[in-house]
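This is what each chain is made of:
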Amino acid sequence: MKYKVSKKKRILAVFIVVVLVLCIGLFMKNKTNTLNNSSINKESITKEINNNLIGAYIQEGEEYKQTDDIPSSGYEFNEEKSYCKIGNTVQENITLFYDIDTQTLTVSPITKEGMKCYLYFDEKASGSEYILAQEGGIDVIKSKGTPNFSESATADEGMYATEDDYGTSYYYRGAVNDNWIKFGVDSNNNPIYWRIIRINGNGTIRLIYNGISTSSTGENTQIGAYAFNNSNNNNAYVGYMYQIGQVHGLSIDSNAKVQLDNWYARNLEDEAKYLDGSTGFCGDREPSTNVHISNGLGGTGTTQTFYGSFIRVNINKTPSLKCLNSSDLYTTAIDNETYPNPKENGNQTLIYPIGLITADEVAVAGWVNNSSNSRHYLYTGQAYWTMSPVWYDFGGSGNFQVNGENYIDYWFVTDTFGLRPVINLKADVQITGSGTVSDPFKLSVE
């Protein structure tokens, strides 16, 4: 896979614009014209315009293939590779520039007859590829190894790689400030800002809500404060969805899910074509009656139970981005022929492709229990829920939350904390920007 950053367009001192009336890619002698997007027919071109033609070539892997259509999206003009010639002589003094957005070709200067120009277009990096390119590429990220998950990340540690259910995932860690993205508008037409948590193993991009501004702290970084569930006197209530008497039941929505679904319907439904529902949100309910090692026991009624994330994140400091049970991997209904792996299909119970961050994602991002860290990119000064169960103990069911005092914590599910929606952008979205507060990533269509 090839990663690259878009080249900056040069400002030309002299502009002579060439228009194509019958088909794309022809210069008319001694005239100033505008090139518009249409088909090239080489035979009719050579017959009608005195053998003055433009050839267009698009990248396919490491090679270039001639095309009859100048691309309108998905590519970027390769100014260095493009050239003009007269006969067999390349014209070194000719400058070419093609603006895909306005579909306009600029040639400077054009003073000779019989000139032919050849335009080359490179494949434009998709959303996840573009972001990785900003970070310096896969090799740089992989060379960092595995961080120490028992220590809080107080500095900007960039991106690391680990495996998730779909392949290699690249996650941000520490006090990073180049993972901002602007996507969508709320019901009042305000732009919505997010922070990128990670690039999932299938290339989709996982975002966490930050509000309608780039302010990093305060109540506006969440959609409100709610109880995760309205009861806590049973193991079942740790679930994002649950069913009394079943460890991995899915028949009833948690209060958190109800609130997130309502928010999505009001604010993001128009953006559904950019969102991926097949990439799951893991509410790991792997039970254990042993606090140190998962034994698969417990998880129903009032049996003292310690769940998978608690053992990994709090006890052993070994967070994971893999989901042990497909019933706990929350996805929308998807095409099983496209996603034939039952584990990757998840539980297919979501109406909307929205969830919450997990305790494991918070941990790999650089927070640990009882270690204050206000420099972290997930810090908002507010307490907010994850979707990860902790235990049934002390007479109630509890889930992880991010403590307002800057570390991972856990409370009964009936307590009230903030909700920060989490979504996944599709892998093939086109993105621009540098990810900073002043220049956040955004979809090219905006």
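In this report, we go over the structure that sits alongside the text. (Residues numbered from 1 in each chain as written. Predicted model: local features only at pLDDT ≥ 70, side-chain atom pairs only at ≥ 80, totals over all residues. Heavy atoms only, no water.)

Quick notes on the state of the cysteines
Here comes step 1: Under the counting rule described, the total for this entry stands at 2 disulfides.
Here comes step 2: A disulfide bridge connects Cys84 with Cys117, and the sulfur atoms are separated by 1.9 Å. Handedness of the Cys84-Cys117 disulfide follows from its S-S torsion of about 100°: it is right-handed. Placement of the pair is Cys84 in strand β5 (residues 83-86) and Cys117 in strand β9 (residues 115-123), with a sequence separation of 33 residues.
Here comes step 3: By relative accessible area, Cys84 is classed as buried at 1%.
Here comes step 4: Note that Cys282 is cross-linked by a disulfide to Cys323, the S-S spacing being 2.1 Å. Disulfide Cys282 to Cys323: torsion about the S-S bond roughly 80°, handedness right-handed. Here Cys282 is found in strand β18 (residues 281-282), whereas its partner Cys323 is found in the loop between α5 (308-315) and β20 (329-330), with 41 residues between them in sequence. (Disulfide = S-S within 2.5 Å. Helix = DSSP H or I, 4+ residues; strand = E, 2+ residues; numbered from the N terminus. Buried < 20%, exposed > 50% of the residue type's maximum accessible area, 1.4 Å probe, protein only.)

So, the pattern of salt bridges
Here comes step 1: Taken as a whole and judged by the stated rule, the model has 9 salt bridges.
Here comes step 2: For Glu157, the salt bridge identified is with Arg173, shortest N-O distance 2.8 Å. A residue pair is termed long-range when its members are at least 10 positions apart, and Glu157 in strand β10 (residues 156-164) and Arg173 in strand β11 (residues 167-174) qualify at 16 residues.
Here comes step 3: On the basis of relative accessibility, which here comes to 24%, the residue Glu157 falls in the partly exposed class.
Here comes step 4: Relative accessible area serves as the criterion here: at 2%, Arg173 is assigned to the buried category.
Here comes step 5: Between Arg198 and Glu361 there is a salt bridge; the shortest N-O distance is 2.9 Å. Taken together, the positions of Arg198 in strand β13 (residues 191-199) and Glu361 in helix α7 (residues 359-364) put the pair 163 residues apart, joining distant regions of the chain. (Salt bridge = Lys/Arg side-chain N within 4 Å of Asp/Glu carboxyl O.)

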